[in-house]
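Summary of structural features
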Amino acid sequence: MNFWEKVTGSDLTRDWKAFEVRVEALPDGYRAAWDQIVAHLFPYGDFTGRTLTPILDSALGLLEVSAADGQSVHEVLGDDIQGFCTALAGGAGARTYRDRWREQLNRNVARKLSRLGG
(Lines give C-alpha, C1' and ligand atoms only; values in the text may rest on other atoms or scores of the structure.)
Protein backbone atom coordinates (compact mmCIF):
# COMPACT_ATOMS: atom_id res chain seq x y z
CA MET A 1 0.00 0.00 0.00
CA ASN A 2 1.45 3.33 -0.96
CA PHE A 3 0.87 6.72 0.65
CA TRP A 4 -1.84 7.76 -1.83
CA GLU A 5 -3.86 4.59 -1.22
CA LYS A 6 -3.61 5.07 2.52
CA VAL A 7 -4.74 8.71 2.37
CA THR A 8 -7.62 8.15 -0.03
CA GLY A 9 -8.67 4.76 1.29
CA SER A 10 -8.68 3.29 -2.21
CA ASP A 11 -7.07 0.13 -0.85
CA LEU A 12 -10.04 -0.34 1.49
CA THR A 13 -12.50 0.23 -1.32
CA ARG A 14 -10.73 -2.40 -3.39
CA ASP A 15 -10.75 -4.84 -0.46
CA TRP A 16 -14.46 -4.29 0.27
CA LYS A 17 -15.39 -4.79 -3.38
CA ALA A 18 -13.45 -8.07 -3.35
CA PHE A 19 -15.29 -9.09 -0.16
CA GLU A 20 -18.64 -8.29 -1.80
CA VAL A 21 -17.82 -10.49 -4.80
CA ARG A 22 -16.83 -13.36 -2.52
CA VAL A 23 -19.94 -12.94 -0.35
CA GLU A 24 -22.24 -13.04 -3.39
CA ALA A 25 -20.96 -16.55 -4.12
CA LEU A 26 -22.08 -17.78 -0.67
CA PRO A 27 -25.46 -19.40 0.06
CA ASP A 28 -28.16 -17.16 1.58
CA GLY A 29 -27.68 -18.25 5.19
CA TYR A 30 -23.98 -17.58 4.94
CA ARG A 31 -24.58 -14.11 3.51
CA ALA A 32 -26.85 -13.27 6.44
CA ALA A 33 -24.18 -14.53 8.85
CA TRP A 34 -21.57 -12.39 7.06
CA ASP A 35 -23.70 -9.29 7.56
CA GLN A 36 -23.96 -10.06 11.27
CA ILE A 37 -20.21 -10.72 11.54
CA VAL A 38 -19.41 -7.37 9.93
CA ALA A 39 -21.86 -5.55 12.20
CA HIS A 40 -20.47 -7.17 15.35
CA LEU A 41 -16.80 -6.67 14.41
CA PHE A 42 -16.95 -3.02 13.37
CA PRO A 43 -16.83 -1.65 16.93
CA TYR A 44 -13.42 -3.34 17.34
CA GLY A 45 -11.89 -1.59 14.34
CA ASP A 46 -10.15 1.72 14.07
CA PHE A 47 -11.55 4.82 12.41
CA THR A 48 -10.84 3.55 8.91
CA GLY A 49 -11.58 -0.13 9.46
CA ARG A 50 -8.15 -1.00 8.11
CA THR A 51 -7.29 -3.13 11.15
CA LEU A 52 -10.34 -5.31 10.55
CA THR A 53 -9.51 -6.26 6.97
CA PRO A 54 -7.34 -9.30 7.85
CA ILE A 55 -9.84 -10.49 10.47
CA LEU A 56 -12.76 -10.15 8.06
CA ASP A 57 -10.76 -11.87 5.33
CA SER A 58 -10.16 -14.84 7.64
CA ALA A 59 -13.80 -14.98 8.74
CA LEU A 60 -14.97 -14.89 5.13
CA GLY A 61 -12.48 -17.63 4.28
CA LEU A 62 -13.96 -19.77 7.05
CA LEU A 63 -17.45 -19.21 5.65
CA GLU A 64 -16.31 -20.06 2.12
CA VAL A 65 -14.61 -23.30 3.16
CA SER A 66 -17.56 -24.33 5.32
CA ALA A 67 -20.05 -23.65 2.55
CA ALA A 68 -17.92 -25.64 0.10
CA ASP A 69 -17.85 -28.54 2.57
CA GLY A 70 -21.65 -28.46 2.77
CA GLN A 71 -21.84 -27.48 6.44
CA SER A 72 -24.66 -25.33 7.70
CA VAL A 73 -23.99 -21.90 9.17
CA HIS A 74 -25.25 -23.14 12.50
CA GLU A 75 -22.68 -25.96 12.51
CA VAL A 76 -19.88 -23.48 11.86
CA LEU A 77 -20.82 -20.48 13.99
CA GLY A 78 -23.28 -21.90 16.47
CA ASP A 79 -26.04 -19.80 18.02
CA ASP A 80 -23.82 -16.98 19.25
CA ILE A 81 -22.43 -15.01 16.32
CA GLN A 82 -21.70 -12.08 18.59
CA GLY A 83 -19.61 -14.33 20.84
CA PHE A 84 -17.80 -15.67 17.80
CA CYS A 85 -16.97 -12.10 16.75
CA THR A 86 -15.84 -11.17 20.25
CA ALA A 87 -13.47 -14.14 20.22
CA LEU A 88 -12.16 -13.10 16.79
CA ALA A 89 -11.52 -9.58 18.04
CA GLY A 90 -9.47 -10.75 20.99
CA GLY A 91 -11.88 -11.85 23.69
CA ALA A 92 -14.34 -10.24 26.03
CA GLY A 93 -11.85 -7.62 27.25
CA ALA A 94 -10.89 -6.37 23.79
CA ARG A 95 -11.02 -2.62 23.44
CA THR A 96 -13.48 -1.09 21.02
CA TYR A 97 -12.98 2.20 19.19
CA ARG A 98 -15.23 3.83 21.82
CA ASP A 99 -12.89 2.69 24.58
CA ARG A 100 -9.88 4.10 22.76
CA TRP A 101 -11.62 7.43 22.07
CA ARG A 102 -12.78 7.66 25.69
CA GLU A 103 -9.23 7.06 26.94
CA GLN A 104 -7.85 9.68 24.56
CA LEU A 105 -10.48 12.22 25.64
CA ASN A 106 -9.75 11.54 29.31
CA ARG A 107 -6.00 12.04 28.73
CA ASN A 108 -6.60 15.31 26.89
CA VAL A 109 -8.94 16.64 29.58
CA ALA A 110 -6.52 15.62 32.36
CA ARG A 111 -3.65 17.36 30.53
CA LYS A 112 -5.67 20.57 30.13
CA LEU A 113 -6.78 20.50 33.76
CA SER A 114 -3.22 19.97 34.98
CA ARG A 115 -2.12 23.05 33.00
CA LEU A 116 -4.92 25.11 34.58
CA GLY A 117 -4.13 23.90 38.08
CA GLY A 118 -0.62 25.26 37.89
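Relevant structure appears above.
Residues numbered from 1 in each chain as written. Predicted model: local features only at pLDDT ≥ 70, side-chain atom pairs only at ≥ 80, totals over all residues. Heavy atoms only, no water.

Re helix H2 (residues 10-24)
When the terminal C-alpha atoms of H2 are compared, their 21 Å separation across 15 residues agrees well with the 21 Å that a helix rising 1.5 Å per residue should span. Of all the positions in H2, only Asp11, Leu12, Phe19 and Val23 are classed as buried. Buried residues along H2 cover an arc of 105 degrees about the axis, so they all sit on one side. Seen from the buried face of H2, the exposed residues on the opposite side, beyond 90 degrees, are Lys17, Val21 and Glu24. Close packing links the buried residues of H2 with helix H1 (3-8), helix H3 (28-41) and helix H4 (53-68). (Helix = DSSP H or I, 4+ residues; strand = E, 2+ residues; numbered from the N terminus. Expected span 1.5 Å × (residues − 1). Buried < 20%, exposed > 50% of the residue type's maximum accessible area, 1.4 Å probe, protein only. Arc of directions from axis to C-beta. Contact = heavy atoms within 4.5 Å.)

Quick notes on the pattern of salt bridges
Throughout the structure, instances matching the rule amount to 4 salt bridges. Asp57 is the partner of Arg22 in a salt bridge, and the nearest nitrogen-oxygen pair spans 2.6 Å. Here Arg22, found in helix H2, pairs with Asp57, found in helix H4; they are 35 residues apart in sequence, far enough to count as distant. For the salt bridge of Arg22 with Glu64, the shortest nitrogen-to-oxygen distance reads 2.8 Å. Separated by 42 residues along the polypeptide, Arg22 in helix H2 and Glu64 in helix H4 bring together distant segments of the chain. Here the salt bridges do not stand alone but share partners, grouping Arg22, Asp57 and Glu64 into one network. (Salt bridge = Lys/Arg side-chain N within 4 Å of Asp/Glu carboxyl O.)

A look at the packing of aromatic side chains
Per the stated rule, a full pass over the model turns up 3 aromatic pairs. Ring centres 5.4 Å apart and planes at 85 degrees place the aromatic pair Trp16 and Phe19 in the edge-to-face group. Highlighted residues: Trp16 and Phe19, both in helix H2, separated by 3 residues, approximately one helical turn. On the basis of relative accessible area, Trp16 is assigned to the partly exposed category, the value being 25%. (Phe/Tyr/Trp six-rings, centres within 6.5 Å; stacked < 30°, edge-to-face > 60°.)

A word on the packing of H2 against H4
Running from N to C, H2 and H4 cross one another at 10 degrees; their axes reach a closest spacing of 11 Å. Taken as axis vectors, H2 and H4 run roughly parallel relative to one another. In the crossing of H2 with H4, the sense of the turn from one axis to the other is left-handed. Contacts from Leu12, Asp15, Trp16, Phe19, Arg22 and Val23 in H2 reach Thr53, Leu56, Asp57, Leu60, Gly61 and Glu64 in H4. (Axes fitted to C-alpha atoms, helices over the stretch in contact; angles between N-to-C directions. Parallel < 35°, antiparallel > 145°, perpendicular 65-115°, else oblique. Left-handed = near helix turned anticlockwise from the far one by under 90°.)

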